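One letter stands for each residue in the lines below.
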Amino acid sequence: MKTGGSAPGSQSSLRRANRERVVETLSAHGPLTQVEISGATGLSPATISNLVRDLAADGEVALSNSVRNGRRAVLVALAEGGPLLAGVAFGDRDIRVAIGTGPNDVIASQRMPLPQDHHADEGLDRAARLLHDLLVDNGRSVPDLDQVALGLPAPVDSVTGAVGSELIMPGWRGVPAAAELETALRAPVVLDNTANLAAEGELLAGALSRVSTGAYLKLSHGVGAGLVIGGRVFRGSAGTAGEIGHVTIDEAGPVCRCGNRGCLNTYVGSPALIAAIAPSQGPIGLRDIIARAQQGDPGCRRVIVDAGRHLGVAVAGLVNLLNPEVIAVGGQLARTGDLLLDAMREGVERSAIPSAAASVELVLGALGDEADVRGALLRAATARSARVG
Ligand SMILES: [Zn+2]
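Since the model is a prediction, treat every value here as computed from it, not as a measurement.

1. Thoughts on the coordination of the zinc ion
So, step 1. Those donors, H246 (ND1), C256 (SG), C258 (SG) and C263 (SG), are the protein atoms that reach the zinc ion, and they lie 2.0 to 2.3 Å from it.
So, step 2. Taken in chain order, the donor set of the zinc ion reads H-x9-C-x1-C-x4-C.
So, step 3. Residue C263 is classed as buried on the basis of its relative accessible area of 0%.

2. Comments concerning the environment of A307
So, step 1. By the element assignment, A307 lies in helix α10 (residues 298-322).
So, step 2. Relative accessible area serves as the criterion here: at 1%, A307 is assigned to the buried category.
So, step 3. If we skip the residues at most four places from it in the chain, A307 touches V268 and L273.

3. Some details on the side chain of H118
So, step 1. Within the element layout of this structure, H118 appears in the loop between β6 (105-113) and α4 (120-137).
So, step 2. Polar contacts involving the side chain of H118 include one to the side chain of W172, which spans 3.0 Å.
So, step 3. Apart from residues no more than four positions distant in its own chain, H118 is found in contact with D92, G123, G171 and W172.

4. Regarding the packing of helix α8 (residues 270-281) against helix α9 (residues 286-294)
So, step 1. Packing of α8 against α9 brings their axes to within 10 Å, and their N-to-C directions diverge by 65 degrees. Considering the angle they form, α8 stands roughly perpendicular to α9. Seen along the crossing, α8 lies across α9 with a hand that is left-handed. Counting all contacts with α8, which are made through S270, L273, I274, I277 and Q281, the residues of α9 involved are L286, I289 and R292.

5. Remarks on unusual backbone geometry
If a residue is not glycine, its phi is most likely negative; likewise, a peptide bond is most likely trans.
So, step 1. Within the chain, R210 stands out as a residue other than glycine whose phi angle is a positive 65 degrees.
So, step 2. Residue position: R210 is located in the loop between α6 (194-205) and β9 (214-219).
So, step 3. A positive phi angle, close to 50 degrees, is found at N323, a residue other than glycine.
So, step 4. Inspection of the secondary structure puts N323 in the loop between α10 and β12 (326-330).

6. So, the packing of aromatic side chains
Two aromatic rings, taken as a pair, are described by how far apart their centres are and by the angle between their planes.
So, step 1. Taken as a whole and judged by the stated rule, the model has one aromatic pair.
So, step 2. With 5.1 Å between their ring centres and 80 degrees between their planes, F90 and W172 make a pair best called edge-to-face. Here F90 is found in strand β4 (residues 84-90), whereas its partner W172 is found in the loop between β7 (145-152) and α5 (177-185), with 82 residues between them in sequence. Taken as a pair, F90 and W172 share a single burial class, namely buried.

7. Structural notes on the domain arrangement of the protein chain
Often the size quoted for an interface is simply the accessible area lost on bringing the parts together.
So, step 1. Segmenting the protein chain into domains produces domain 1 (11-78), domain 2 (84-198 + 371-388) and domain 3 (209-365).
So, step 2. Here domain 1 and domain 3 have C-alpha centroids that lie 38 Å from each other.

8. Brief notes about the sheet that holds strand β1 (residues 32-33)
So, step 1. If you trace the three strands from one edge of the open sheet to the other, you get β1-β3-β2, paired in antiparallel fashion. For this open sheet the edge positions go to β1 and β2 (61-68), each flanked by a neighbour on one side alone.
So, step 2. In terms of strand pairing, β2 meets strand β3 (residues 71-78) through eight bridges, oriented antiparallel. Along β3, the bridge assignment pairs S64 with L75.

Rules behind the numbers
- Residues numbered from 1 in each chain as written.
- Predicted model: local features only at pLDDT ≥ 70, side-chain atom pairs only at ≥ 80, totals over all residues.
- Heavy atoms only, no water.
- Donors = N, O, S within 2.8 Å, 3.2 Å for Na, K, Ca; no water.
- Buried < 20%, exposed > 50% of the residue type's maximum accessible area, 1.4 Å probe, protein only.
- Helix = DSSP H or I, 4+ residues; strand = E, 2+ residues; numbered from the N terminus.
- Contact = heavy atoms within 4.5 Å.
- Polar contact = N/O pair within 3.5 Å; in protein donor to acceptor, adjacent residues only side chain to side chain.
- Axes fitted to C-alpha atoms, helices over the stretch in contact; angles between N-to-C directions.
- Parallel < 35°, antiparallel > 145°, perpendicular 65-115°, else oblique.
- Left-handed = near helix turned anticlockwise from the far one by under 90°.
- Phe/Tyr/Trp six-rings, centres within 6.5 Å; stacked < 30°, edge-to-face > 60°.
- Domains from an automatic or database assignment.
- Pairing = 2+ DSSP bridges.

Put into structure tokens, the structure is as follows:
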């Protein structure tokens, strides 16, 4: 069980969860009447009335008079100029940060590359400096931050708050990442997996909007997934659901850094793609493979198509298990568009049961590279709301 929090199912944890739902709903839909919030959340009008009164008292929402369907109505909206939030999303080899008052009100965002297999201290230090510079450039400063959400491209154990596998991010072994960033920024930091945050972003305002069962796949140097069940991101019992990169697609395949054989990552991670093309094109990076594939280079196109087919096999497993409506694809490989998606669709059609394959739509994410920081801002907004509630 989580330490420090109230037990799941207790009155205060229920109330906190309900507050988060109201904030999420207002983030997604904009200003609503209390009746509309009740309809969207499924909570009773009396509960909504209490929550809105508390949120207004805390300055998180603002009330205004309006007319709805010809009748006078009070609209509830997230307060403008409200508390300043930050999202920090680590990719395998970059950091993206954003500041805003909510996921739909991004003030500024910025990206910085990161060396492969960097140490956690270096990564967190760069993230803090990047955030500091972004705040100063926008006339704000670090003490203005009310809440930060931090995303890492690794399983994040919600029980310990640490990276759930030391083998997947070796430089982050045993590092309490959220606590260290909290010390650097002097603001509360909530930790999640980057693919989960991107799924939150696409769920809020992108390709997964209004989707009940779905998934977000982040395809860059490695593969990550955020699962959506019942219209919400599903994190599993300890927060590590969605590790599709370590799903076995060939028991006799190459040994993965996690210690198992034939993980999806060993076929579609950037080292595999680079190894496939290097004999004919010499030393090359992932970015170049993608650019050359877009320009029509047959070798690079072939590498992307092969990766798409391997992805299709793993996604077929996901399709069989979840029966999703939509799978949204983002990350660097998504820049190759239909070249990748068509190969993935082929793999899904070949390996998934026909009825599940026929009902899933494989699409590009709508938010591009911003999906994870947008989701991080939403996560920060709900974490702050839960904290002050
Ligand atoms: Zn693995």
